[in-house]
Amino acid sequence: MKLGLSIGYSKAHMDLPVALVQRAEELGYDSVWSAEAYGSDAVTPLAFLAAVTKRIRLGTGIMQLAARMPANAAMCAGTVDALAGGGRFIAGLGVSGPQIVEGWYGQPWGRPYYRLKDYVAIMRKIFAREEPVTHDGKEISLPYTGPGAAGVGKPLKSILHMNPAIPIYLATGNESTVKLTAEVADGWLPMGFVPGCMKEYGPWLEEGFRRAGNGKSMKDFEIQASIHVEVGSDVKAALAKLKPEVALYVGGMGHRDRNFHKDQMIRRGFAEAADRIQELYLAHRKEEAIAAVPDEWVDMKSLVGPPARIKERFKAWEDSGATSLTVRSRQPEAIEVMAQAARLN
């Protein structure tokens with residue numbers, strides 16, 4: 001199984017773990033993944049890392065659709081890929097949530113399914129440079145002819161000759177968008193992926209491949225799952241370190257009635273805990289919300305504890321159907337232990 005390393009997005013101060021990324025590359029990690037929310041962006045750190053690494057692939061996990069139009073997303077991807085020597089960039093895309101889309105970017109939530117579909121189609125056309133780009137989509141069209149248009153929009157072709165094969169991965173989780181991912185994307189950044197869940201997702205992916213109509217199958221497709229890793233002698237203490245982020249995302253990263261992280265927890269059988277976490281978090285009782293996170297939920301989607309326990313539990317992830325696993329940790333020991341578990345060297 002291939003491994004990736006997540007560097008996430010910045011906290012209050014930018015802290016790019018360059019040495020950790022370089023060590024991951026030395027160990028044989030396949031990719032490094034950046035993120036964005038409403039602070040640091042996902043692309044700029046990868047441009048920096050391109051200059052201080054040689055081989056590791058550079059993925060956005062994710063570029064938020066509302067943060068840039070598809071032409072700009074393609075420009076960012078093509079530029080960093082060219083700076084990195086070609087064949088290293090992965091354009092990971094996702095819709096974020098309505099609170100961020102409307103509150104931070106000032107855009108309507110709209111119809112995310114069709115926005116994803118239009119976005120990918122436009123990026124593909126820009127990468128290919130076969131002709132000036134036009135697109136008549138349900139959410140995005142080029143040239144623009146809507147309200148306020150001057151009426152002189154001109155189809156254009158990228159000046160930069162980009163790598164036409166830059167892979168596009170989509171971060172999706174519900175049935176319709178997972179099917180769309182299999183249909184139009186090169187890979188999937190699944191929300192809430194855990195061993196055993198391919199029984200649910202597999203038929204959706206197969207339907208998407210069927211819709212693609214070009215013989216596409218699982219052998220042409222990457223599933224980049226993500227997992228927290230925390231090395232420590234005390235399993236319960238290691239689980240506790242990961243609970244604040246669960247409480248934040250399930251309790252407060254989204255509207256009360258539209259929180260994708262809470263939805264994932266409910267789908268995996270933790271509905272009562274998810275409701276309680278959200279209730280406490282939104283009441284500003286954050287410590288109680290953290291305490292309400294079940295050990296079982298954290299353990300299901302993480303690898304924690306002594307190295308031997310991590311390596312033993314890693315076997316289930318190897319058999320999960322994922323083709324690559326992104327390690328979410330800045331703990332140097334975790335990077336080393338996961339390389340040993342995946343037998344990278």
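On a predicted model such as this, the values are computed, not experimentally measured, just so you know.

About the thresholds
- Residues numbered from 1 in each chain as written.
- Predicted model: local features only at pLDDT ≥ 70, side-chain atom pairs only at ≥ 80, totals over all residues.
- Heavy atoms only, no water.
- Helix = DSSP H or I, 4+ residues; strand = E, 2+ residues; numbered from the N terminus.
- Rg over C-alpha atoms; globule rule 2.2 N^0.38 Å.
- Buried < 20%, exposed > 50% of the residue type's maximum accessible area, 1.4 Å probe, protein only.
- Areas by Shrake-Rupley, 256 points an atom, 1.4 Å probe, with all protein chains shown as cover.
- Expected span 1.5 Å × (residues − 1).
- Contact = heavy atoms within 4.5 Å.
- Axes fitted to C-alpha atoms, helices over the stretch in contact; angles between N-to-C directions.
- Parallel < 35°, antiparallel > 145°, perpendicular 65-115°, else oblique.
- Left-handed = near helix turned anticlockwise from the far one by under 90°.
- Nonpolar A, V, L, I, M, F, W, Y, C, P; charged D, E, K, R; others polar.
- Salt bridge = Lys/Arg side-chain N within 4 Å of Asp/Glu carboxyl O.
- Phe/Tyr/Trp six-rings, centres within 6.5 Å; stacked < 30°, edge-to-face > 60°.

A look at the overall build of the protein
- Of the regular secondary structure elements, the protein holds 14 helices and twelve strands.
- Relative to a compact globule of 345 residues, whose C-alpha radius of gyration would be 20 Å, the protein shows 20 Å and is just as compact.
- Overall, the C-alpha framework of the protein stretches about 65 × 45 × 45 Å when taken along its three principal axes.
- The proportion of buried residues among the 345 residues of the protein is 50%.
- Of the roughly 15900 Å² of accessible surface on the protein, 54% is carried by carbon and sulfur atoms.

A closer look at helix H7 (residues 198–212)
- Helix length check: H7, at 15 residues, gives a terminal C-alpha distance of 20 Å against a target of 21 Å (1.5 Å per residue), a fit within 8%.
- Burial in H7 covers these residues: Met 198, Tyr 201, Gly 202, Trp 204, Leu 205, Gly 208 and Phe 209.
- Residues of H7 that are buried sit in contact with helix H6 (175–184), strand S9 (187–188), strand S10 (222–231) and helix H9 (260–267).
- Of the residues flanking the end of H7, it is Gly 213, one or two places downstream, whose phi is positive at about 70°.

Description of the packing of helix H3 (residues 70–83) against helix H5 (residues 112–128)
- H5 packs onto H3 with a crossing angle of 50° between their chain directions and a minimal axis gap of 9 Å. Put simply, H3 runs oblique to H5. Handedness of the H3/H5 crossing: right-handed. For the pair H3 and H5, contact is made by Pro 70, Ala 71, Ala 73, Ala 74 and Ala 77 and by Tyr 119, Ile 122, Met 123, Ile 126 and Phe 127, respectively.
- Classifying every residue of the contact of H3 with H5 gives ten nonpolar, no polar and no charged.

Quick word on the pattern of salt bridges
- Across all of its chains, the model carries 25 salt bridges by this definition.
- Salt-bridge contacts for Arg 111 lead to Glu 139; the nearest nitrogen and oxygen are separated by 3.2 Å. One end of the pair, Arg 111, is in the loop between helix H4 (98–103) and H5; the other, Glu 139, is in the loop between strand S6 (135–136) and strand S7 (141–142), with 28 residues separating them in the sequence.
- A salt bridge links Glu 175 to Lys 179; the shortest N-O distance between them is 2.9 Å. Taken together, the positions of Glu 175 and Lys 179, both in helix H6 and four residues apart, correspond to about one turn of that helix.
- Through salt bridges with shared partners, a single ionic network connects Arg 23, Glu 26 and Glu 336.

Digging into the packing of aromatic side chains
- Under the definition given, this model contains nine aromatic pairs.
- With a centroid separation of 5.9 Å and 35° between ring planes, the pair formed by Trp 33 and Tyr 169 is classed as tilted. Taken as a pair, Trp 33 in strand S2 (residues 31–34) and Tyr 169 in strand S8 (residues 168–170) lie far apart in primary sequence, 136 residues in all.
- Judged by its relative accessible area of 2%, Tyr 169 is buried.
- Each ring, one from Phe 209 and one from Phe 221, has its centre 5.3 Å from the other, and the planes form 75°; the classification is edge-to-face. Here Phe 209 is found in helix H7, whereas its partner Phe 221 is found in the loop between H7 and S10, with twelve residues between them in sequence.
- Relative accessible area serves as the criterion here: at 2%, Phe 221 is assigned to the buried category.
- Through a chain of ring-to-ring contacts, the aromatic side chains of Trp 188, Phe 193, Tyr 201, Trp 204 and Trp 317 assemble into a single cluster.

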